[in-house]
Amino acid sequence: MARGGGKGLSLKDKLDGNELDLSLCDLNEVPVRELATLPKATILDLSCNNLMSLPSDFCSLMHLVKLDLSKNRLQQLPLDFGRLVNLQHLDLLNNRLVTLPVSFAQLKNLKWLDLKDNPLDPVLAKVAGDCLDEKQCKQAAVKVLQHMKAIQSEQERQRQQKLQAEREMEKKREAEQRAKEAQERELRKRERAEEKERRRREYDAQRAAKQEMEKKTKKETVQPRKPASSLRPTQPSRHRHSWSRSVVRVLLYLLLCVLLAVAACKLTELQRQPLCISISTLFEDVVAALQNHKTLQNMLQQNSQQ
């Protein structure tokens, strides 16, 4: 294993029992693939190198129990660093860490932690403490784990709230969509009802117009017959008028004859004749009788009016 590349010298030559010492090797990266072939190396020392970051597959080394990353230039740990669930001892002294990944809370077996000489977030720095002796480092492990669990819980709570808000928003959108669809269905239903009512009114109007036309046609068909039927009751009246006129004419003619005879008898020398005397007397009697006869008076009145 050569400096800077981590290749050339076999890692097995560095392995002493279950401890693998790669400190002071001027490493810029971690030889994860070679380390994965050494599951016996549960203690790994990578201190005093030039490591600025750890690759994501570093977290696959779940056999690690003790890890020393002190005196490097690490600015952050992998997001899934919590996969190293068997880790009990972690030394991060003198790096450039500001925060720890939330998955750090999953290191449930961690019992020793040193975060001194890192530009930690003030809250995290206060939780971690100084780690000047064994007791303080153990307390740092407990307190930091609790702190990270609280952060994890808070993030989970926020995530759940966000999911709940998204679900409620989705339900609201679905409810609005259902309401919109129901409104559209109601609108279509109302439009269909209005269209049906319009067609029904048109049908009724057409039917009424048709019936009116039929009545008018029937009336026009029947109307010419009315004069013939209306003439029938008037025929007796006309007959009566004709008969009355004939009677009146006969009477007038007779009266004229009588008047002529009377005039002849009165105005001529025949007035002293017995016949003229009888005619004059008869004329006077007839005139008196006729004046007293109501029927003849009525006939004369009607005839005069006509």
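First things first, this report covers the structure right here in the doc. This one's a predicted model, so the numbers in the text were calculated from it and none came from an experiment.

**Focus on the overall build of the protein chain**
For step 1, the next point in the chain: Helix and strand counts for the protein chain stand at 6 helices and 6 strands.
For step 2, the next point in the chain: Across the protein chain, helices and strands are ordered from the amino to the carboxyl terminus as β-β-α-β-β-β-β-α-α-α-α-α.
For step 3, the next point in the chain: Looking at the protein chain as a whole, 26% of its 306 residues are labelled buried.
For step 4, the next point in the chain: Nonlocal contacts in the protein chain, meaning residues at least 24 apart in sequence, comprise 35% of its contacts between residues at least 6 apart.

**Some thoughts on helix α3 (residues 134–222)**
Since one α-helical turn is 3.6 residues long, residues separated by three or four positions face the same way.
For step 1, the next point in the chain: With 89 residues, α3 should reach 132 Å at 1.5 Å per residue; the first-to-last C-alpha distance of 129 Å fits that figure.
For step 2, the next point in the chain: Among the residues of α3, C137, A140, A141, V144, L145, H147 and M148 are the ones counted as buried.
For step 3, the next point in the chain: Those residues of α3 that are buried lie in contact with β6 (112–114) and α2 (122–128).
For step 4, the next point in the chain: Capping of α3 at its N-terminal end is provided by D133; its side-chain oxygen lies 3.3 Å from the backbone amide nitrogen of K135.

**Structural notes on the nonpolar core**
What tends to happen in soluble globular proteins is that the nonpolar side chains get buried as a cluster.
For step 1, the next point in the chain: Residues L46, F58, L67, F81, L100, F104 and V144 are the most contacted members of the largest nonpolar core, which totals 42 residues.
For step 2, the next point in the chain: Contributions of two or more residues to this core are made by α1 (32–36), α2 and α3.
For step 3, the next point in the chain: At 4 residues, the largest contribution of residues to this core is made by α3.
For step 4, the next point in the chain: Once residues within four sequence positions are removed from consideration, L46 is found in contact with L22, L27, V30, L51, F58, L67, D68, L69 and N72.

**Quick notes on the pattern of salt bridges**
For step 1, the next point in the chain: Evaluated as defined, the whole model comprises 11 salt bridges.
For step 2, the next point in the chain: Among the ionic pairs, K116 bridges to D114, the shortest N-O distance being 2.8 Å.
For step 3, the next point in the chain: The closest approach of N and O atoms between E197 and R200, which form a salt bridge, is 2.4 Å. Here the residue E197 and the residue R200 both occupy positions in helix α3, the gap between them amounting to 3 residues, near one helical turn.
For step 4, the next point in the chain: One network of salt bridges, with partners in common, ties together E195, R198, R199 and E202.

**Some remarks on the state of the cysteines**
For step 1, the next point in the chain: Inspection of the entire model under this criterion finds 1 disulfide.
For step 2, the next point in the chain: Covalent S-S linkage joins C131 and C137, the inter-sulfur distance amounting to 1.7 Å. In this structure the cystine formed by C131 and C137 twists about its S-S bond by roughly 105°; its chirality is therefore right-handed.
For step 3, the next point in the chain: Look at C137 and you get buried, because its relative accessible area is 2%.

**Section: the sheet that holds strand β2 (residues 19–21)**
In a beta sheet, neighbouring strands are held together by backbone hydrogen bonds and run either parallel or antiparallel to one another.
For step 1, the next point in the chain: The strand order β1-β2-β3-β4-β5-β6 describes an open sheet built from 6 strands, whose pairing is mixed. In this open sheet, the two strands that pair with only one neighbour each are β1 (15–16) and β6.
For step 2, the next point in the chain: Pairing of strand β4 (residues 66–68) with strand β5 (residues 89–91) involves 3 bridges; the strand directions are parallel. Residue pairing in the sheet places K66 in a bridge with H89 of β5.

**Some remarks on a nonpolar patch on the surface**
For step 1, the next point in the chain: Taken together, the side chains of V250, L251, Y253 and L254 make up a nonpolar region of the molecular surface, amounting to roughly 400 Å² of accessible area.
For step 2, the next point in the chain: By the element assignment, L254 lies in helix α4 (residues 225–267).
For step 3, the next point in the chain: Judged by relative accessible area, L254 falls into the partly exposed class, the value being 45%.

**A look at unusual backbone geometry**
For step 1, the next point in the chain: For C48, which is not glycine, the phi dihedral falls at a positive 60°.
For step 2, the next point in the chain: Its location among the elements puts C48 in the loop between β3 (43–45) and β4.
For step 3, the next point in the chain: Backbone geometry at N94 places phi at a positive 55°, although glycine is not the residue there.
For step 4, the next point in the chain: Mapped onto the fold, N94 is located in the loop between β5 and β6.
For step 5, the next point in the chain: Classification of N94 by relative accessible area gives partly exposed; the value is 36%.

**Overview of the side chain of T42**
For step 1, the next point in the chain: Assignment of secondary structure puts T42 in the loop between α1 and β3.
For step 2, the next point in the chain: Under the relative-accessibility criterion, T42 is labelled buried at 19%.
For step 3, the next point in the chain: Sequence-distant contacts of T42, that is, excluding residues within four places in its chain, are made with N18, H63, L64, V65 and K66.

**Topic: the environment of R83**
For step 1, the next point in the chain: Mapped onto the elements of the fold, R83 is located in the loop between β4 and β5.
For step 2, the next point in the chain: Linking R83 and L107, residues 24 residues apart in sequence, is a C-alpha distance of 7.6 Å.
For step 3, the next point in the chain: Aside from chain neighbours lying at most four places away, what touches R83 is C59, S60, M62 and Q106.

Procedures and definitions
Residues numbered from 1 in each chain as written. Predicted model: local features only at pLDDT ≥ 70, side-chain atom pairs only at ≥ 80, totals over all residues. Heavy atoms only, no water. Helix = DSSP H or I, 4+ residues; strand = E, 2+ residues; numbered from the N terminus. Buried < 20%, exposed > 50% of the residue type's maximum accessible area, 1.4 Å probe, protein only. Contact = heavy atoms within 4.5 Å. Expected span 1.5 Å × (residues − 1). Polar contact = N/O pair within 3.5 Å; in protein donor to acceptor, adjacent residues only side chain to side chain. Core = buried A, V, L, I, M, F, W, Y, C linked by side-chain atoms within 4.5 Å. Salt bridge = Lys/Arg side-chain N within 4 Å of Asp/Glu carboxyl O. Disulfide = S-S within 2.5 Å. Pairing = 2+ DSSP bridges. Patch = residues over 30% accessible without salt bridge, like charges linked within 9 Å, V, L, I, M, F, W, Y side chains within 5 Å. Areas by Shrake-Rupley, 256 points an atom, 1.4 Å probe, with all protein chains shown as cover.

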